[in-house]
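Survey of secondary and tertiary structure
What follows is each chain in one-letter form.
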Amino acid sequence: MKRVSKLFAALSLSVAALAVHAENVKLTVAASPVPHAEILEALKPTLAKQGVDLQVKVFNDYVLPNTQVEEKQLDANFFQHIPYLDKFNKDRGTHLVVASKPVHIEPFAAYSSKYKKVAELPQGATVAIPNDPTNAGRALLLLDQGGVIKLKDRKNIYPTTKDIVSNPKNIKIKELEAATLPRVLNQVDVALINANYALEAKLNPKRDALFVETTSPYANLLVARPDNKDSAAIKKLAAALNSPEAKKFIETKYQGAVIPAF
């Protein structure tokens, strides 16, 4: 009887384990490779214990992660900040919404393989910046902060080249796809690079930048749709992204190149 009881107990545990596994909700989230996908991968075990089967789909651009969430091909994404999200929704007619508190800040920075100081920049220097409106504006604000140009209104977070009122070095601004900027660094005098692409190229804003943002409203966070932002799985992921575990991972892994925003 004891053997039968033990066997029954073991079978019951196996069935229960299978039931828990079967109840796991699949959540597919788009992310940039670094640091977003790495942070999500680190949180997978925690979420699995909470019944969420997190699937991370890596993208190297800033458009598809949004369009595929809008089209319900993916559940959510983790790669962007509110200024980019707001501009994307306005320009493309999408309806994406914030689904978490701010998670981290990636310091935007200017890099050069030719010069160590801003004062060394020659007349007519070529400066490469991202070509999407939000990050182009962010780059111009950073150039203003670095003393390379002067903008009409520093409070405007969407400036364009038309807002430049002073350009003492007559720099030539070249707008390129954000992901390509690390690859053209040796072909220009300065490139202003988003931290996720800089980190992929082994550039650390804390160590390698010519100059870096001192303040930033560009904290990255989780984005979803109105119909699923309040789902149990999304809420569990949002909580995990703001957990002590996530904070410790960011601080340990990136050593100041990525900064927790909570």
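Quick note: structure is the one above.
Before going into details, it helps to say that this report is about the structure given with it. (Residues numbered from 1 in each chain as written. Predicted model: local features only at pLDDT ≥ 70, side-chain atom pairs only at ≥ 80, totals over all residues. Heavy atoms only, no water.)

**Some thoughts on the overall build of the chain**
Regarding its fold elements, the chain presents nine helices and 14 strands. For the chain, the C-alpha atoms occupy an extent of roughly 90 × 40 × 30 Å along the three principal directions. A burial count over the chain gives 47% of its 262 residues as buried. A separation threshold of at least 6 residues defines the contact pool for the chain, and within that pool the share at least 24 residues apart is 76%. When the accessible surface of the chain is totalled, it reaches about 13200 Å², and 56% of it is carbon and sulfur. (Helix = DSSP H or I, 4+ residues; strand = E, 2+ residues; numbered from the N terminus. Buried < 20%, exposed > 50% of the residue type's maximum accessible area, 1.4 Å probe, protein only. Contact = heavy atoms within 4.5 Å. Areas by Shrake-Rupley, 256 points an atom, 1.4 Å probe, with all protein chains shown as cover.)

**Overview of unusual backbone geometry**
For the bond running from valine 34 to proline 35, omega is -5 degrees, close enough to zero to count as cis. Note on placement: proline 35 falls in helix α2 (residues 33-49). Phi at lysine 72 is positive, roughly 65 degrees, even though this residue is not glycine. Within the secondary structure, lysine 72 is located in the loop between α3 (64-70) and β3 (76-81). What makes lysine 72 exposed here is its relative accessible area of 56%. Although it is not a glycine, lysine 202 adopts a positive phi angle of roughly 65 degrees. Counting through the fold element by element, lysine 202 comes out in the loop between α6 (195-200) and α7 (205-208).

**Section: the sheet that holds strand β10 (residues 172-176)**
Here five strands make up an open sheet; going across it, the order is β10-β7-β11-β6-β12 and the pairing mixed. Of all the strands in the sheet, just β10 and β12 (211-212) have a single pairing partner and so form its edges. With two bridges joining them, strand β7 (residues 126-130) and strand β11 (residues 190-193) adopt parallel strand pairing. Residue pairing across strands places alanine 128 opposite alanine 191, the latter belonging to β11. Contacts from helix α5 (residues 133-145) reach β6 (109-111), β7, β10, β11 and β12, with the element oriented near 140 degrees to β7. (Pairing = 2+ DSSP bridges. Axes fitted to C-alpha atoms, helices over the stretch in contact; angles between N-to-C directions.)

**What about helix α9 (residues 244-254)?**
Within the span of α9, buried status applies to Ala246, Ile250 and Tyr254. Down the axis of α9, the smallest arc covering the buried residues is 35 degrees, so these residues share one side. Opposite the packed face of α9, turned more than 90 degrees from it, sit the exposed residues Pro244, Lys248 and Thr252. Packed against the buried residues of α9 are α2, β5 (104-105), α6, α8 (232-241) and β14 (259-260). Looking one or two places after α9, you find glutamine 255, whose phi comes out positive at around 50 degrees. (Arc of directions from axis to C-beta.)

**A short note on the packing of helix α4 (residues 82-92) against α5**
It is at 8 Å that the axes of α4 and α5 come closest, and there the two elements cross at 140 degrees. The angle between α4 and α5 places the two elements in the oblique class. Contacts from Pro83, Tyr84 and Lys87 in α4 reach Pro133, Thr134 and Asn135 in α5. Considering only residue class, the contact of α4 with α5 consists of three nonpolar, two polar and one charged. (Parallel < 35°, antiparallel > 145°, perpendicular 65-115°, else oblique. Nonpolar A, V, L, I, M, F, W, Y, C, P; charged D, E, K, R; others polar.)

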